[in-house]
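Summary of structural features
Listed here are the chains, written in short residue letters.
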Amino acid sequence: MADMPARLAEIVDEFAAAPRDLVLEMLLEYADVIPVLPAGAAEREGMEQVPECQTSFFLRAEVTPEGTVATIFDCPPEAPTTRAFAGILAEGLAQASPEEVLAVPDDLYQRMGLAQAISPLRIRGGTAILGRLKRQVREQLG
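Here we summarise the structure given alongside this text.

**Thoughts on the sheet that holds strand S3 (residues 69-74)**
Spatially, three strands are ordered S1-S2-S3 in an open sheet, and the strand pairing comes out antiparallel. Edge positions in the sheet fall to strand S1 (48-49) and S3, since each of these pairs with one other strand and no more. Relative to S3, strand S2 (residues 58-63) is paired through six bridges, and the arrangement is antiparallel. Bridge pairing in S3 links Phe 58 to Asp 74. Across the sheet, helix H6 (residues 120-141) touches S1, S2 and S3, and the angle it forms with S2 is around 35 degrees.

Given below as C-alpha cells:
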C-alpha cells in the first residue's frame with residue numbers, strides 16, 4: 001500500500017503541529033499557490049464541478065504518460081478557503097503517482113487540525129474536492 005506523497009505528509013504535519021490560532025493564517029497562504037487556468041482551459045473543458053463547495057469550483061486530475069498525476073483547479077479568488085484547499089493539494093500532490101494520490105486519507109483536513117479552525121461546511125467542500133480527484137484518478141487507471 002502506497003503512502004501519501006511526502007510533500008503532502010509534510011504539509012499535514014506542519015498544520016497538525018501549528019498553534020490553533022495560526023492555522024487559518026497558514027491555510028490562507030495556500031490560496032495563492034493555484035496558478036491561473038491555462039489559456040485553453042478557460043472554458044473548463046473536461047473539468048468537473050464540485051457542487052459541495054459553496055463557490056463555483058472545477059477540477060481535473062490527469063494521469064500523465066510519465067505516470068504522475070497532474071491537477072488543474074479553477075476557483076474564484078473570492079473563495080480563499082476553498083482555493084487554499086486546492087493549493088494544498090496542488091503543492092502536496094505535485095509529481096505524485098496515482099497510487100500515492102489514492103493513498104491520501106479521506107479525513108485529510110481533520111488530520112491537519114482544520115476542523116477546529118473552519119466551518120464543517122467548508123471541510124465538507126474540501127473533502128469533496130479530494131474525493132473527486134481520487135475518483136478521476138481511479139477511473140483513468142481503469
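**Details of the state of the cysteines**
Evaluated as defined, the whole model comprises zero disulfides. Between Cys 75, a free cysteine, and Cys 53, which holds the nearest cysteine sulfur, the sulfur-to-sulfur gap is 7.1 Å. Owing to a relative accessible area of 4%, Cys 75 belongs among the buried residues under this scheme.

Analysis parameters
- Residues numbered from 1 in each chain as written.
- Predicted model: local features only at pLDDT ≥ 70, side-chain atom pairs only at ≥ 80, totals over all residues.
- Heavy atoms only, no water.
- Pairing = 2+ DSSP bridges.
- Helix = DSSP H or I, 4+ residues; strand = E, 2+ residues; numbered from the N terminus.
- Contact = heavy atoms within 4.5 Å.
- Axes fitted to C-alpha atoms, helices over the stretch in contact; angles between N-to-C directions.
- Disulfide = S-S within 2.5 Å.
- Buried < 20%, exposed > 50% of the residue type's maximum accessible area, 1.4 Å probe, protein only.

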